[in-house]
Amino acid sequence: MSKWKKLLAESVTSPGDLPGHLGLSTGELDEVVRTYPMRINPYFLGLIKRKGDPIYAQCIPDTREITDPSGLEDPLDEEARSPVPGLTHRYPDRVLFLVSGRCAVYCRFCNRKRKVGKPGMVSNTTIEAGLRYIRDHHEIRDVLLSGGDPLLLENNALKRILSALRAMRHVEIIRIGTRVPCTLPQRVTPALTDLLKKYHPLYVVTHFNHPREITRQSASACERLADAGIPVGSQTVLLRGINDRALTIRELMRKLLTIRVRPYYLFQADLARGTAHFWTPLDTGLRVLDQIHGHTSGLCAPHFAVDLPGGGGKVPMLPDYAEKTEKGRWILRNYQGKKTLYPPPEAECFGEGRHAKGE
Ligand SMILES: *Cc1c(COP(=O)(O)O)cnc(C)c1O
Ligand code: SF4
């Protein structure tokens, strides 16, 4: 058995099987896990240093998941925008295609926690139906494979999907959304990268939430992908008590660049039921970005986005750098808080004749 499959097979899937030092009373947690499955593979479990730390809080079940009724079952209304089960077509030119129902770790804050790790989320039938839908819709030029985690599929299953997509002339870009480089980096084997690189242009969007997730192993996984010519981006979810301090996110973004991963999105946590204890106010994300823009390289700055409840899609948000005066002039604020009046185009400093008639 390959190393990653062995690690996966040795995952803790029940609160009672956690090592004693994580000291949990299991009665109520068993009930949590019956509603929302638990899986922590030994690699990720090994990153926990103590109870309540940022790794612990992401993967250890919590009774608030079932006692707090706030939130929505399907916060992004994915089912309503699903022409076939497992595929969401919300934007004109791209789709989200769920190809696996399993993950290497079940994150407690997951916005699809209503269905990840449960039987029937994805099947050969839904995958076939999704492929047929994409084949029939020529406006789709970008396919984002997701789940669950697509990289929990066996190489041959992944190959079948990728080659079917590549056979469609209108599909320009294939993206794989996967948390595996962070949660089970052993999965990113040379055999996997050899397979993936046959389907370029292929992008990987991974998911790191805390600087402590960047280890020798996760760094090698990302570097192996990059060496195969695969641009690797990362999305991060803002999580209360885990990474909601500006300096934590800034450190994470800087570290990601050192392992050749480009920050892509910083997400406001979705309003999924069972995740309310992770939510942060919108101001948090804006404050975090304010500590990144200008303070560190532009490559470190992700887009801060809110995926609207009810399925309106992602909305990018920026701290208030720009202000328009009543006279239609712009005042721009830099990272030090200094405000500058930006001259309108007719101003002399743009040079004479720039907007002369007949130009
Ligand atoms: C996030 C998402 C995408 C991809 O959006 P990008 O902004 O292109 O990364 C596509 N479809 C759905 C339904 C999504 O939620
Ligand atoms: S890896 Fe992604 S899909 Fe899986 S549980 Fe975590 S957030 Fe959800």
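Before any of the text, the structure's been laid out above.
So, here's what we can say about the structure. Everything numeric in this text was worked out from a predicted model, so none of it was measured.

## Points about helix 6 (residues 124-136)
Compared with the 18 Å implied by 1.5 Å per residue over 13 residues, the 18 Å span of helix 6 between its first and last C-alpha is a close match. Elements that come into contact with the buried residues of helix 6 comprise strand 1 (87-91), strand 2 (94-98), strand 3 (142-146) and helix 7 (155-166).

## Description of the sheet that holds strand 8 (residues 303-308)
Reading across from one edge, 1-2-3-4-5-6-7-8-9 is the order of the nine strands in this open sheet, with mixed pairing throughout. Across the chains shown, the open sheet's two edge strands, defined by having one partner strand only, are strand 1 and strand 9 (313-317). If you compare each strand with its neighbour and ignore which way they point, the axes differ by 25° on average. Where strand 6 (residues 232-237) lies against strand 7 (residues 262-267), five bridges are found, and the strand directions are parallel. What sits directly across from Thr236, in strand 7, is Leu266. Strands strand 1, strand 2 and strand 3 of the sheet are contacted by helix 6, whose axis makes an angle of about 170° with strand 2.

## A few points about the environment of Leu239
Positionally, Leu239 belongs in the loop between strand 6 and helix 11 (246-258). Linking Leu239 and Gln58, residues 181 residues apart in sequence, is a C-alpha distance of 8.8 Å. Beyond its immediate sequence surroundings of up to four residues, Leu239 is in contact with Gln58, Phe109, Asn209, Asp244, Phe278 and Thr280.

## Overview of helix 11
With 13 residues, helix 11 should cover 18 Å at 1.5 Å per step; its first-to-last C-alpha distance of 19 Å lies within 8% of that length. Among the residues of helix 11, Ala246, Thr248, Ile249, Arg250, Leu252, Met253 and Leu256 are the ones counted as buried. Packing partners of the buried residues in helix 11 comprise strand 6, strand 7 and helix 12 (282-290). Looking one or two residues past helix 11, Arg260 carries a phi angle of roughly 65°, positive in sign.

## Focus: the environment of Ser220
Secondary-structure assignment places Ser220 in helix 10 (residues 216-227). Along the chain, Ser220 and Ile259 lie 39 residues apart, while their C-alpha atoms are 7.9 Å from each other.

## Things to note about the sheet that holds strand 12 (residues 339-342)
The pairing of strands in a sheet happens through backbone hydrogen bonds and is either parallel or antiparallel. Taken in spatial order, the three strands line up as 10-11-12 in an open sheet, and their pairing is antiparallel. Strand pairing shows two members of the sheet lacking a second neighbour, strand 10 (322-324) and strand 12, which therefore form its edges. In this sheet, neighbouring strand axes are inclined to one another by 25° on average, regardless of whether the strands run parallel or antiparallel. Where strand 11 (residues 330-333) and strand 12 come together, four bridges link them in antiparallel fashion. In the strand pairing of strand 12, Ile331 is matched with Leu341.

## Topic: unusual backbone geometry
The omega torsion of the bond from Gly147 to Gly148 falls at 20°, within 30 degrees of zero and hence cis. Within the secondary structure layout, Gly148 lies in the loop between strand 3 and helix 7. Phi at Asp77 takes a positive value of approximately 55°, unusual for a residue other than glycine. By the element assignment, Asp77 lies in the loop between helix 5 (64-67) and strand 1. One non-glycine residue with positive phi stands out, namely Arg260, at about 65°. Looking at the element boundaries, Arg260 is found in the loop between helix 11 and strand 7.

Cut-off values and rules
- Residues numbered from 1 in each chain as written.
- Chains lettered and ligands numbered in written order.
- Predicted model: local features only at pLDDT ≥ 70, side-chain atom pairs only at ≥ 80, totals over all residues.
- Heavy atoms only, no water.
- Helix = DSSP H or I, 4+ residues; strand = E, 2+ residues; numbered from the N terminus.
- Expected span 1.5 Å × (residues − 1).
- Contact = heavy atoms within 4.5 Å.
- Pairing = 2+ DSSP bridges.
- Axes fitted to C-alpha atoms, helices over the stretch in contact; angles between N-to-C directions.
- Buried < 20%, exposed > 50% of the residue type's maximum accessible area, 1.4 Å probe, protein only.

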